[in-house]
There are 2 protein chains.
Amino acid sequence: MDKRLNDGQDLRVPAICRACDARHRGICGAMTAEQLAEFSRFTTRKKIGAGTELHGQGERVISYANVLRGVVKLTKVMQDGRQQIVGLQFAPDFIGRPFASESTLTAEAATDAEICAVSKGALDRMVATAPDLEHKLYHQALLELDEARDWMLTLGRKTAREKVASFLHLIAAHYDPECNETVAFDLPLSRQDIGDFLGLTIETVSRQMTKLRQEEVIIVENNRHVIVSDMERLARIAGID
Amino acid sequence: MDKRLNDGQDLRVPAICRACDARHRGICGAMTAEQLAEFSRFTTRKKIGAGTELHGQGERVISYANVLRGVVKLTKVMQDGRQQIVGLQFAPDFIGRPFASESTLTAEAATDAEICAVSKGALDRMVATAPDLEHKLYHQALLELDEARDWMLTLGRKTAREKVASFLHLIAAHYDPECNETVAFDLPLSRQDIGDFLGLTIETVSRQMTKLRQEEVIIVENNRHVIVSDMERLARIAGID
DNA sequence: CGATGTCTTGAAGCAGTTCAACCAGGGTGG
DNA sequence: CCACCCTGGTTGAACTGCTTCAAGACATCG
């Protein structure tokens, strides 16, 4: 039986959660109807515009969030302004760092997005008593760690060309987990953000994109829309095994 | 009362664990005497020489380990041989990736080391039933994620000089958590490894070390022994806030 | 004491940055 | 409705920091 359908009829589950896309895929999937009901008293679903900051580097954190739609970027900055994106969160990812009062990074919407924010206290309390929830969070942390380490290889050892291809591959793979031969999508990041993600300048990103376009690895429309006709080829250029 | 002393007299705790340095600091700290007794039937304490591989990238993993002494490096390689160190594990760190059968990286002793290996099955079973243990593992995963993201900033946005200084700072801070003004230590990595950690060539690492030596930021003896006289200054050069 | 591996130093080359100009699209106001 | 500007992206030319390639110094160990 489809759990989602079943759940949609379970009136103990809050209405807002019953209508939520991320209900089963995200951390909420680990909660019972009763827990959700209790929990939802501390959650707020909201739409945020691109550029909205959820919390800043060095700030005290008072809430966590789940991404429901859009992309949130996690960035670190040095005093002199140099910037590095250290993570991209897609739906239904969890945003926040349990067991730390201060954030070591900034979380900011890269695109228009929708999130379900929850007070830190409420989640911390629930984590302390619900092993299933902590298990789910642990699971996501491990996935993020895998991603971070993959990206370290990209940052440390790949050429600009490979980096840009790796980025395109990452986004494409996210939009099409089936990994079809051809994929089309809108880039969730500006050229500046792509540069900050890849450890490159905006000019280098632009030049490499142009080259990939000329070689017909990608087709670009309106600067943001990208069509990859041969994912295999892109992966090869990206240096992905 | 000192828990360690107390524990040393508790005969339900296996002898090998009673004598273990990492007993309370590592994940074992989350276990009861009974759990340890059960658990120790599946653990093997062993000394391994520098260069010993614990598991390789792409291999099936059959055991986890705790570092008791020495340093273990986690590396990723591309088919053409380019290599990146994506993590350094010190005592009492846990090595392994729960919930994955295959490893996406290689774990290899960077120095002579001592580890406490445990069969994957035994730990997985215990994790499934002991929330405290999973909590501890989750906690470490989050710390590793923090470290990985810090390093992404280093890899993506720092100059060779700042990278080398950052590395020295990292090692120094590990040997002296008190953060005294002056710290002396042996480098746990060869120049090649340092390069692979920083995304630089061995020559660039060497040149930057020479420069730092000439500026008297560090004193180097026998290539491996380093003395930092002014940690503040090193941090400034490393671009650490 | 030579042999081997590790580290340093030097010189030349190149990938990516920097600086500057240009272009396209989209909104604003005269 | 067009001139204007403003933002985000592209392109070009000169520069530079890191790499590459090659040789030499140093330590360690049979």
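Here is what the cut-offs are and how they apply
- Residues numbered from 1 in each chain as written.
- Chains lettered and ligands numbered in written order.
- Predicted model: local features only at pLDDT ≥ 70, side-chain atom pairs only at ≥ 80, totals over all residues.
- Heavy atoms only, no water.
- Contact = heavy atoms within 4.5 Å.
- Buried area = accessible area lost by both parts, 1.4 Å probe.
- Salt bridge = Lys/Arg side-chain N within 4 Å of Asp/Glu carboxyl O.
- Polar contact = N/O pair within 3.5 Å; in protein donor to acceptor, adjacent residues only side chain to side chain.
- Helix = DSSP H or I, 4+ residues; strand = E, 2+ residues; numbered from the N terminus.
- Least-squares fit on C-alpha atoms with pLDDT ≥ 70 in both.
- Phe/Tyr/Trp six-rings, centres within 6.5 Å; stacked < 30°, edge-to-face > 60°.
- Buried < 20%, exposed > 50% of the residue type's maximum accessible area, 1.4 Å probe, protein only.
- Lys NZ or Arg CZ within 6 Å of the ring centre and 35° of its normal.
- Domains from an automatic or database assignment.
- Nonpolar A, V, L, I, M, F, W, Y, C, P; charged D, E, K, R; others polar.
- Near = heavy atom within 4 Å.
- Arc of directions from axis to C-beta.
- Pairing = 2+ DSSP bridges.
- Axes fitted to C-alpha atoms, helices over the stretch in contact; angles between N-to-C directions.

A few points about the interface of chain B and chain A
Each partner contributes residues to the interface: chain B has 47 residues there, and chain A has 47 residues. Buried surface at the junction of chain B and chain A, summed over both partners, amounts to about 4,300 Å²; 59% is from carbon and sulfur atoms. Seen at the junction of chain B and chain A, the total is ten salt bridges. The partner of Glu144 of chain B in a salt bridge is Arg149 of chain A, and the shortest N-O contact between them spans 2.9 Å. Viewed at the interface, chain A and chain B are joined by 20 residue pairs in polar contact (both at pLDDT 80 or more). Put simply, the parts of the chain that give the side of chain B that touches chain A at least two residues each are β4 (71-77), β5 (83-90), α5 (131-157) and α7 (191-198) of chain B.

Concerning the relation of the copies chain B and chain A
Overlaying chain B on chain A yields an RMSD of 0.0 Å, the required transformation being a rotation through 180° with an accompanying axial translation of 0.0 Å. Expressed as an axis order, the relation between the two copies is that of a two-fold axis.

Things to note about the packing of aromatic side chains
Geometry of an aromatic ring pair is reported as the spacing of the ring centres plus the angle between the planes. Considering all chains together, one arrives at eleven aromatic pairs over all chains under this definition. Measuring from centroid to centroid gives 5.7 Å for Tyr138 of chain A and Phe99 of chain B, while their planes differ by 75°, and the two rings are edge-to-face. Linking Tyr138 of chain A in helix α5 (residues 131-157) with Phe99 of chain B in the loop between β6 (94-95) and β7 (106-109), this pair reaches from one chain into another. A relative accessible area of 36% places Phe99 of chain B in the partly exposed class. Relative to Phe94 of chain B, the ring of Tyr64 of chain B lies with its centre 5.4 Å away and its plane at 45°, an arrangement referred to as tilted. Of the two residues, Tyr64 of chain B is situated in strand β3 (residues 63-69) and Phe94 of chain B in strand β6; the sequence distance between them amounts to 30 residues. As far as the burial class goes, Tyr64 of chain B and Phe94 of chain B line up, both buried. Over the aromatic face of Phe42 of chain B sits the side chain of Arg125 of chain B, whose NZ or CZ is 5.6 Å from the ring centroid.

Points about the domain arrangement of chain A
Note: interface size is frequently given as the accessible area lost on complex formation between the parts. Residues and elements named next belong to chain A. Here chain A is described as being made up of domain 1 (15-146) and domain 2 (158-238). Its C-alpha centre places domain 1 at a distance of 27 Å from the equivalent point of domain 2. Residue-level contacts link nine residues of domain 1 with eight residues of domain 2. Carbon and sulfur atoms supply 66% of the area buried between domain 1 and domain 2, which totals about 880 Å² over both sides. For the domain 1 face of the interface with domain 2, the top three residues by lost area are Ile85, Leu88 and Phe90, together amounting to 53%. Along the contact surface separating domain 1 from domain 2 lie one salt bridge. The closest approach of N and O atoms between Lys73 and Asp193, which form a salt bridge, is 2.9 Å. Joining domain 1 to domain 2, the criterion identifies four residue pairs in polar contact (both at pLDDT 80 or more). With five residues, strand β5 (residues 83-90) is the single largest residue contributor to the side of domain 1 that touches domain 2. Of the residues belonging to the side of domain 1 that touches domain 2, the class tally is five nonpolar, three polar and one charged.

As for the protein's contact with DNA strand C
With respect to spatial proximity, 17 residues lie near DNA strand C, and among them Ala160, Thr204 and Arg207 of chain A together with Ser206 and Thr210 of chain B are the closest. Considering DNA strand C, the proportion of its atoms within 4 Å of the protein that are sugar or phosphate atoms stands at 62%. With respect to DNA strand C, the side chain of Arg207 of chain A contributes an N or O atom lying 2.8 Å from a base oxygen. Interatomic distance of 2.9 Å between a side-chain N/O atom of Arg207 of chain B and a base nitrogen of DNA strand C. When residues of the surface near DNA strand C are traced back to their parent elements, those giving at least two are α8 (202-214) of chain A together with α8 (202-214) of chain B. Top contributing element to the surface near DNA strand C by residue count: α8 of chain B, with five residues. When the residues that make up the surface near DNA strand C are grouped by side-chain class, the tally is two nonpolar, eight polar and seven charged.

What about helix α9 (residues 231-238) of chain B?
All names here are of chain B. Along α9, the residues classified as buried are Met231, Leu234, Ala235, Ile237 and Ala238. End-on view of α9: buried residues confined to an arc of 160°, all on one side of the axis. Away from its buried face, by an angle of more than 90 degrees, α9 presents the exposed residues Glu232 and Arg236. Contacts made by the buried residues of α9 are with α6 (160-175), β9 (183-186), α8 and β11 (225-228). Where α9 begins, the capping side chain belongs to Asp230, and its oxygen is found 3.2 Å from the backbone nitrogen of Glu232. Looking one or two residues past α9, Gly239 carries a phi angle of roughly 75°, positive in sign.

Topic: the sheet that holds strand β8 (residues 113-119) of chain B
Residues and elements named next belong to chain B. Strand order in the open sheet made by the four strands is β1-β8-β3-β6, with antiparallel pairing throughout. Strand pairing shows two members of the sheet lacking a second neighbour, β1 (43-48) and β6, which therefore form its edges. Here six bridges tie β3 to β8, and the two strands are oriented antiparallel to one another. Bridged to Tyr64 within β8 is Val118. Along the sheet face, helix α4 (residues 120-129) touches β3, β6 and β8 and points at about 70° away from the line of β8.

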